[in-house]
Amino acid sequence: MSGSEGLVSRLPNDIGGLTAGSIARVEHELEPWEKRCHALADVLDFKKLINTEEKRRGVEALGSDMIGQLAYYERWIVAFANIFFAKGILTPTELAEKMSEVEARHIAGR
Amino acid sequence: MPNHLPSQSRIPGIVPALNEWPSFSPGDRVRVASRSPIGHYRVPVYLRGMTGTVVSIIEPVMVDNETEGYGQNAGSRRHYYRVSFRLRTIWAAYSGAPADELRIEIFETWLERI
Amino acid sequence: MAHEHEHDHDHPHAEISVSEMPGYYEVMETAIRELLIDKQLITGNDIRHQIEVLDSRTPALGAKVVARAWVDAAFRERLLADGRAACEELGISFYDDTRLIVLENTETVHNLIVCTLCSCYPRPVLGLPPDWYKLKPYRARAVSEPRIVLAEFGTIIPDDVEVRVSDSTAAVRYLVLPRRPEATDDYSEEQLAGLVTRDAMIGVIPVTLGMEN
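Note that the structure is a prediction, hence the values are computed from the model and not measured. (Residues numbered from 1 in each chain as written. Chains lettered and ligands numbered in written order. Predicted model: local features only at pLDDT ≥ 70, side-chain atom pairs only at ≥ 80, totals over all residues.)

(A) Focus on the overall build of chain B. Each helix and strand in chain B was counted, giving two helices and five strands. For chain B, the sequential pattern of α-helices and β-strands runs β-β-α-β-α-β-β. When its C-alpha atoms are laid out on the principal axes, chain B stretches across 50 × 35 × 25 Å. Contacts spanning at least 24 positions in sequence make up 61% of the contacts within chain B whose residues lie at least 6 apart. (Helix = DSSP H or I, 4+ residues; strand = E, 2+ residues; numbered from the N terminus. Contact = placed C-beta atoms within 7 Å.)

In structure tokens:
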């Protein structure tokens, strides 16, 4: 269908010139995890584990639904996970198990 | 520091590396290619096929960020150019002043000489 | 910190405060960081140190650069020729591979910066960008209706002044060098720096005397 070609050939982040509403002057202090996520991105780029351009591509590859619903740093961290899987640096299983362990640690810490 | 030599000071017989010297110079009229790649690109759709003017050559040669996005950091170094476009030529309904411009960095493989 | 609970006796656990539980993405970030540290691909100190680097980058650095350019014409020339090198002269190191082009506002040209494709921003010299810079309304409209966007910030540019929008897509970052306000001849460099705001260096507002930091 001709409608879907646009989804494929125009990246979801390629929004220059699209119609949009007024600019709300929102800003927020980064939460600690967001700052850690930003620092992680810089360290990964510096060490060429995931360079900045790979991160951008990884965020684009999340697709319009996730991009629309995930916040800025949420997109980064999911993109990092996917890129690490593709590079064979992490596996989905080990990340899932580590995430469960992190959660359990917080619950047990009460 | 520029790593290219203006053509009048080039020593005959010196062969540059592939793509070492810039293809375009400030003042050149250039057109952005009309191709529609899928996957990672860094030339926005709003510029495809548009005609602009080279403002400056960005130094030094750098990797193609479109392949760098796939983890390929080598073998693709060429120049990026700062290119200007009149906004009224990009947007059919542009309501600002005729002289208003956009300036953007574009990798050499996206530009065609007019 | 995990600790063992004995469950063969009766005592009520304190209720888990929902606000203290890390969210899904924070758990993911923690897990990825710990796995990478375990595999010795990064260290905890790498992250801690980079947080310190990020915390040290604020608009005050950009304001210093602007004020120096206003009072020192030779510095201004060097800044316009190579923005990164001139910042490094003032001790502002760049922790990445980006270059910096400084865009001078004049009587005939008003500059503003945007990244339509993502959120490129001169972080080493301005710190982290505000949310509005990264969201759709600004990114979509700054390149197609910059004068209307500027008006939303209260900035009206006369028609005989060119509006020039720079869209970042690659390794170059931009910083706007705003015009020095009138009636500041007797200001010290430090006082001048105190007038310069982040939004003036993005180019959405001018520097005015009413904006002391």
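(B) Spatial organisation of the overall build of chain C. A tally of helices and strands in chain C yields eleven helices and four strands. In chain C, buried positions account for 44% of the 213 residues. In chain C, the share of contacts with a sequence separation of at least 24, taken over all contacts with a separation of at least 6, comes to 68%. (Buried ≥ 20, exposed ≤ 12 C-beta atoms within 10 Å, placed from the backbone.)

(C) View of the domain arrangement of chain C. The domain boundaries assigned to chain C delineate domain 1 (24-54) and domain 2 (58-211). A straight line from the C-alpha centre of domain 1 of chain C to that of domain 2 of chain C covers 32 Å. (Domains from an automatic or database assignment.)

(D) Spatial organisation of the pairing of strand E2 (residues 109-114) of chain C. Residues and elements named next belong to chain C. Extensive coverage of E2 is indicated by the burial of five of its six residues. In this structure, E2 lies alongside strand E3 (residues 162-167), joined through six bridges in parallel fashion. By the bridge assignment for E3, Val-109 is matched with Glu-162. (Pairing = 2+ DSSP bridges.)

(E) Seen up close, the interface of chain A and chain C. Taken together, the contact between chain A and chain C spans 47 residues of the former and 48 residues of the latter. Counting only elements with at least two residues in the side of chain A that touches chain C, the list comes to helix H2 (32-46), helix H5 (72-87) and helix H6 (92-108) of chain A. Looking at the side of chain A that touches chain C residue by residue, the classes come out as 23 nonpolar, nine polar and 15 charged. (Nonpolar A, V, L, I, M, F, W, Y, C, P; charged D, E, K, R; others polar.)

(F) Seen up close, helix H3 (residues 52-60) of chain A. For H3(A), the buried fraction is high: nine of the nine residues fall into the buried class. Within H3(A), burial applies to Thr52(A), Glu53(A), Glu54(A), Lys55(A), Arg56(A), Arg57(A), Gly58(A), Val59(A) and Glu60(A). Where H3(A) is buried, its residues meet H2 and H5 of chain A together with helix H1 (65-68) of chain B.

(G) Representation of the interface of chain A and chain B within the structure. The interface is formed by 13 residues belonging to chain A together with 13 residues belonging to chain B. Elements with a minimum of two residues in the side of chain A that touches chain B: helix H1 (2-9) and H3 of chain A. Per-element tally for the side of chain A that touches chain B: the top contributor is H3(A), with five residues. In terms of residue class, the side of chain A that touches chain B is made up of two nonpolar, four polar and seven charged.

(H) Molecular detail of the pairing of strand E4 (residues 172-177) of chain C. Residue and element names in this part refer to chain C. With six of its six residues buried, E4 lies for the most part within the structure. Residues Val-172, Tyr-174 and Val-176 point to one face of E4 and Arg-173, Leu-175 and Leu-177 to the other, with burial holding for every one of them. As paired strands, strand E1 (residues 99-104) and E4 are joined by six bridges and run parallel to one another. Paired with Ile-101 across the bridge in E4 is Tyr-174.

(I) How the structure looks around the nonpolar core. Residues Ile106(B), Val66(C), Leu112(C), Leu175(C) and Val196(C) are the most contacted members of the largest nonpolar core, which totals 70 residues. The element contributing the most residues to this core is helix H3 (residues 59-71) of chain C, with seven residues. Leave out the neighbours within four places in its chain, and Leu112(C) touches Ala142(C), Pro146(C), Leu150(C), Val165(C), Val176(C), Ile202(C), Gly203(C) and Val204(C). (Core = buried A, V, L, I, M, F, W, Y, C linked by C-beta atoms within 7 Å.)

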